[in-house]
Amino acid sequence: MRVYFLSCTPAVLKLNGLYVGRIDSFERHIELDPADRVLAEIVPGENLQSVNFFLDGEFFDCPPDFADVYLLENDALVYIREYGHKDVKLQAVFQTRFCGNLITVFSQGGVYLSSEGAEYSLTPLPVQFLNCRAEQHILAGRDVLALYGGNKLVIISEHGKVIFQNTVEAAEFGDTLFVRAPFETCTAAKAECYFSYDGDRLTQTGGRTVETRPPEPNATHFAFFESVLTCGDFVKYLDDGLKPKAGDLKSYLGNFVSVTVPTEKFYALHPNLTAAGLVYPLKSNLYEVKYFAVEMQNGEITNISPVE
C-alpha cells in the first residue's frame, strides 16, 4: 500500500522512531502494510504540538480529528490538517459589547469566539482571527456584527448567534447580504451570493458562479469538473452531442466535494487517460477518491466515464 503524506505546515515525518523526511504541501509517499501497525510521528515547527498514530486498519477507517484521510483505490493520502499549540495560556484577541452580548475572540491552544448574553456559545475560528477587526452593520433593518480575520468573515446576530462563517473577498450589507467568495479552481471562479435575513437566520435567495479566467488547455477537464461542483456554466465544456445529457451529469457524478489531480502512480498505470479525481465523503475526516476519464475533440468533452 502506498501512503502519501501532506501537512498544513512544514513538518518532519518519523516512522517507528526513525526520521523519514520532511512533509509539507507537496506529496511524499512510502510503501507499507497496515497489518504492520507502523507508528507515525509528525513533528511540526513553530512550537506546535506533534501528532502520532498507528498506520493500521483502524486509522484508515476512522481517522483522528486532526487528520483527513483520502482512500485512493488501494492506496491512501494522509493530510495533517491542524496541530495543537504548546502555549495554551488564555489570551484575549478582541472583545466588545454588542446588543447586550459580550463578544470575545481569544486564543487558548486554538482560536475561539465566545458569545455571552441570553445564551452562551463557543465557536472555533480559523487562525486568521488572531488578527481580528470588527464592523457593526444594519442588515435587513437589524443590527449585526461582522468580524474579519484576513479573508474570513463571521457575522453575529443581535441575539449573539453566528449566522454566517466563510471565506469572502467582499461583503455588502443592506436590505440583503451580498458576498463574493473565491473558489480554489483553475479558472479562479467566484461565487456571488445574495441572502435574505429574518433576524434569526440567513436564507440564500440567489447567486451565480463566475469564472474569471479561462483554463489552461491541458486543464480543461479539471475546469469542467470544478464547474459542475461550483454550479458554474459547465455546459460550455461539452460538445453538442453531450449537451442534451448535461442535466443528468450531477446525478451521474454523485455528491463529490472537491476535484483533485491524480497521483503519479495513477498516471503510470493509465498513461493515455485524461482524468481527474473526484472526492466523495464517507464519514468524518474520511474520503474516497474516484477517477473519471474524459474524451475530448476540438477542445470539447465528448464522453465521460469512470476509470475501472
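Preceding this paragraph is the structure being described.
Residues numbered from 1 in each chain as written. Predicted model: local features only at pLDDT ≥ 70, side-chain atom pairs only at ≥ 80, totals over all residues. Heavy atoms only, no water.

Caption draft 1: Examining the nonpolar core more closely. Among the nonpolar cores identified, the biggest contains 25 residues, and F5, I42, F53, L55, F60, V78 and I80 are the most heavily contacted of them. Of all elements in the fold, only β1 (2-7), β2 (11-15), β5 (38-44), β6 (51-55), α1 (57-61), β7 (67-72) and β8 (75-80) reach the threshold of two or more residues within this core. The contacts of F5, once residues within four sequence positions are left out, are L13, I23, F26, E27, R28, I30, I42, L55 and V78. Counting 22 residues, the second-largest nonpolar core is a separate cluster that includes A219, F225, L238 and L242. (Core = buried A, V, L, I, M, F, W, Y, C linked by side-chain atoms within 4.5 Å. Buried < 20%, exposed > 50% of the residue type's maximum accessible area, 1.4 Å probe, protein only. Helix = DSSP H or I, 4+ residues; strand = E, 2+ residues; numbered from the N terminus. Contact = heavy atoms within 4.5 Å.)

Caption draft 2: View of the environment of A40. Locating A40 in the fold gives a position in strand β5. A residue is classified by how much of its surface remains accessible, and A40, at 0% relative accessible area, is buried. Separated by 26 residues in sequence, A40 and K14 have C-alpha atoms that sit 5.8 Å apart.

Caption draft 3: Broad picture of unusual backbone geometry. Even without a glycine there, the phi angle at R37 is positive, about 50 degrees. Relative to the helices and strands, R37 resides in the loop between β4 (28-31) and β5. In the Ramachandran plot, E73 falls in the positive-phi region, its phi being about 55 degrees despite a non-glycine side chain.

Caption draft 4: Up close: the side chain of S7. In this fold, S7 is placed in strand β1. The buried category is assigned to S7, whose relative accessible area is 3%. There is a polar contact of 2.7 Å between the side chain of S7 and the side chain of Y83. S7 has contacts with I23, D24, S25, Y79, I80 and Y83, leaving out every residue within four places of it along the chain. (Polar contact = N/O pair within 3.5 Å; in protein donor to acceptor, adjacent residues only side chain to side chain.)

Caption draft 5: The arrangement of the sheet that holds strand β3 (residues 18-23) in detail. The four strands lie next to each other as β3-β2-β5-β6, forming an open sheet whose pairing is antiparallel. Strand pairing shows two members of the sheet lacking a second neighbour, β3 and β6, which therefore form its edges. Between one strand axis and the next, the sheet turns by 25 degrees as a mean value, whatever way the strands run. Pairing of β2 with β5 involves five bridges; the strand directions are antiparallel. Opposite L15, over in β5, you have A40 as the bridge partner. (Pairing = 2+ DSSP bridges. Axes fitted to C-alpha atoms, helices over the stretch in contact; angles between N-to-C directions.)

Caption draft 6: Highlighting the sheet that holds strand β9 (residues 91-98). Overall, antiparallel pairing links the four strands, which are arranged β9-β10-β11-β12 in an open sheet. In the strand order of this sheet, the two ends are held by β9 and β12 (120-125), each with one partner. Taking the axes of each pair of neighbouring strands and ignoring which way they run, one obtains an average angle of 15 degrees across the sheet. Relative to strand β10 (residues 101-107), β9 runs antiparallel, the two sharing seven bridges.

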